[in-house]
Amino acid sequence: MSHYSPLRFGAGLVAALLGVWFVFWPPGPLDESPLYAVGPLLLALGSVVTAKQLSLRPIADLEQRVAPAEVDAWISLACIGVAIAWVLLNASTLMEGWSLQAAGHVGSRLVMVLVFLIVVSSVMRSRRGNAVTEDERDRLIERRALEWGHGALVAGVIGIMVMLGFSLEDKLQWITPPAVATLLAFALLWGWLVGAVAKVGMYLWDRRGA
Amino acid sequence: MDEIRERQQRWVMSTLVWKERTAWLALLLLVPTVAYLVWWLFLDSAGQEGMATETVRRMGGRVSVLFVVAYLWIKCRNKGLLVDERDQQITAYAVRAGYMWLALSLVVTASVVGLEPWQEYLRSRSLAWIEAFLMLCLLSSLTIVSVVRVVGYWRDRQ
């Protein structure tokens with residue numbers, strides 16, 4: 001296992017995905033089967049094999065040129081994009097009400113996305129070995145992106161306040177507690193999205209200028 | 001030449017002190033406002049019944065608009081050449097802390113409000129109450145920003 005093998009990488013990935021399916025998705029035809037209990041084991045083994053193979057994979061030219069923080073920024077943007085798409089697709093359900101079961105369902109998916117983000121980011125960084133993974137430029141971009149994200153979140157909350165304060169009462173019949181919760185969650189995601197877009201944009205701008 | 005340099009240094013020093021003073025000023029403005037909002041939202045009988053007086057609504061709107069304008073004004077003024085590495089670092093810490101606080105408060109609020117057992121509580125409140133609660137989240141986040149800035153400058157001076 002000391003060198004990269006596409007076969008092992010593929011097998012590990014398939015095992016991890018099967019594990020994710022068994023662990024997080026509602027039980028399907030395998031509900032009564034003992035195979036369903038193997039899910040966590042498949043997820044753990046598959047993730048370890050995939051991460052190991054990914055860390056052994058030779059570094060490509062493009063990867064060499066891109067800063068690890070920029071890779072993180074792209075991964076974050078993709079994850080936030082997926083989360084926002086999921087919220088928008090399920091907006092009507094979310095507006096109706098959040099049961100404890102549904103909250104657990106959402107929480108498990110968010111945790112899954114977060115774990116994926118951390119694992120991929122750690123593996124990509126470990127591939128750099130002892131090389132410098134963060135410099136002054138990364139810190140500056142991080143700082144500015146944070147300001148953008150914070151500003152967007154504040155603007156989102158002010159937007160909700162303005163809507164509540166200046167709209168006519170009968171136009172706000174749809175403002176139920178679940179709707180307020182969904183609006184707040186969306187404002188939060190909006191802040192993260194703006195921060196991630198700003199970060200990626202600043203990296204692209206910087207590379208174009210260099 | 002030395003005199004000009006000395007004058008410039010003094011000007012820089014006075015401006016940096018002024019920046020710290022603005023952090024104190026923001027803190028002194030925000031703490032009573034947040035305390036008043038907490039009292040009105042959770043302790044005052046009118047607030048508990050979910051009612052908002054017209055004065056509170058009008059005042060709330062005016063104060064928030066005034067605050068945002070003042071905040072932007074201060075921020076624009078801080079973008080000059082006199083922002084050094086120390087200011088940037090303190091601001092970055094402060095913004096990070098404020099952002100985390102606001103995100104956390106919104107996550108907790110959304111989770112609590114969205115769950116069925118707590119929905120009755122929010123239904124008994126008016127839209128003005130929700131609006132005031134959001135303002136509390138926002139202003140408490142800005143208070144955290146000011147606190148971290150003040151502490152940052154104080155620790156730096158120590």
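Residues numbered from 1 in each chain as written. Chains lettered and ligands numbered in written order. Predicted model: local features only at pLDDT ≥ 70, side-chain atom pairs only at ≥ 80, totals over all residues. Heavy atoms only, no water.

1. A few points about the packing of helix α7 (residues 136-166) of chain A against helix α4 (residues 85-114) of chain B
Quick note on the threshold: Axes here refer to lines fitted to C-alpha atoms; in helices the fit is confined to the stretch in contact. Angles between the N-to-C directions go from 0 to 180 degrees. Numbering of helices and strands starts at the N terminus; helices are DSSP runs of H or I of at least 4 residues and strands are runs of E of at least 2. Oblique is the label for any angle not covered by the other classes, which are roughly parallel (under 35 degrees), roughly antiparallel (over 145) and roughly perpendicular (65 to 115). Crossing handedness is defined as follows: a turn of the near helix away from the far one that is anticlockwise and smaller than a right angle gives a left-handed crossing, while the clockwise case is right-handed. Here a residue-residue contact requires only that any non-hydrogen atoms of the pair lie within 4.5 Å. Under the convention adopted here, Pro, Cys and the residues Ala, Val, Leu, Ile, Met, Phe, Trp and Tyr are nonpolar, Asp, Glu, Lys and Arg are charged, and Gly plus all remaining residues are polar.
Contact geometry of α7(A) with α4(B) gives a least axis separation of 9 Å together with a crossing angle of 40°. When the interaxial angle is binned, α7(A) and α4(B) end up oblique. Handedness of the α7(A)/α4(B) crossing: left-handed. Facing E136(A), E142(A), R143(A), L146(A), E147(A), G149(A), H150(A), L153(A), V154(A) and V157(A) of α7(A), the residues of α4(B) in contact are E85(B), Q88(B), Q89(B), T91(B), A92(B), V95(B), R96(B), G98(B), Y99(B), L102(B), A103(B) and L106(B). In terms of residue class, the contact of α7(A) with α4(B) is built from 10 nonpolar, six polar and six charged.

2. Some details on the interface of chain A and chain B
Applicable threshold: Accessible area that two parts lose when put together, evaluated with a 1.4 Å probe and summed over both, is termed the buried area. Salt bridges are defined by distance alone: a side-chain nitrogen of Lys or Arg within 4 Å of a carboxyl oxygen of Asp or Glu. Nitrogen and oxygen atoms within 3.5 Å of one another constitute a polar contact, given that in protein one can donate a hydrogen and the other can accept it, and given that sequence-neighbouring residues count only through two side-chain atoms.
The interface is formed by 32 residues belonging to chain A together with 33 residues belonging to chain B. Here chain A packs against chain B, burying approximately 3,000 Å² in sum over the two surfaces, 77% of which is carbon and sulfur. Seen at the junction of chain A and chain B, the total is zero salt bridges. At the boundary of chain A with chain B, the tally comes to one residue pair in polar contact (both at pLDDT 80 or more).

3. Quick word on the packing of aromatic side chains
Residues and elements named next belong to chain B. As a reminder of what qualifies: Two rings from Phe, Tyr or Trp (for Trp, the six-membered ring) form a pair when their centres sit within 6.5 Å of each other. Planes less than 30 degrees apart are called stacked, planes more than 60 degrees apart edge-to-face, and all others tilted. Buried, partly exposed and exposed residues are distinguished by accessible area as a fraction of the type maximum, computed with a 1.4 Å probe on protein chains only: under 20%, between the cut-offs, and over 50%, respectively.
Enumeration according to the criterion identifies four aromatic pairs over all chains in this entry. Ring geometry for Y36 and W39: centres 6.0 Å apart, planes at 35°, overall tilted. With Y36 and W39 both in helix α1 (residues 2-43) and three residues apart, this pair spans about one turn of that helix. Note on W39: relative accessible area 41%, which makes it partly exposed. Chaining the aromatic ring pairs together yields one cluster made of F42, W129 and F133.

4. Considerations on helix α2 (residues 39-56) of chain A
All names here are of chain A. The condition that has to hold: Multiplying one less than the number of residues by 1.5 Å gives the expected span of a helix. Here the arc refers to the directions that run from the helix axis out to each C-beta atom.
With 18 residues, α2 should cover 26 Å at 1.5 Å per step; its first-to-last C-alpha distance of 26 Å lies within 8% of that length. Of the residues making up α2, those classed as buried are G39, G46, T50, Q53 and L54. Mapping the buried residues of α2 onto a view down its axis gives an arc of 100°, with all of them on the same face. For α2, exposure combined with an orientation more than 90 degrees from the buried face picks out L41, L45 and V48.

5. Describing the side chain of D138(A)
If you trace the backbone, D138(A) turns up in helix α7. Looking at D138(A), its side chain comes within polar contact range of the side chain of Y203(A), at 2.6 Å.

6. Description of a nonpolar patch on the surface
Residues and elements named next belong to chain B. To keep things clear, this is the line we draw: A patch consists of residues whose relative accessible area exceeds 30% and which take part in no salt bridge; residues with like charges are grouped when within 9 Å of each other, and nonpolar side chains (Val, Leu, Ile, Met, Phe, Trp, Tyr) when within 5 Å. Per-residue and other accessible areas follow the Shrake-Rupley method at a 1.4 Å probe size, with only the shown protein chains counted as cover for residues.
Judged by side-chain polarity, Y36, V38, W39, F42, L43, W101, L104, V108, V112, W118 and Y121 come together as a nonpolar surface patch covering roughly 1,100 Å² of accessible area. Going through the elements one at a time, α1, α4 and α5 (116-123) are the ones with two or more residues in the nonpolar patch. Summarising the element assignment, V112 is placed in helix α4.

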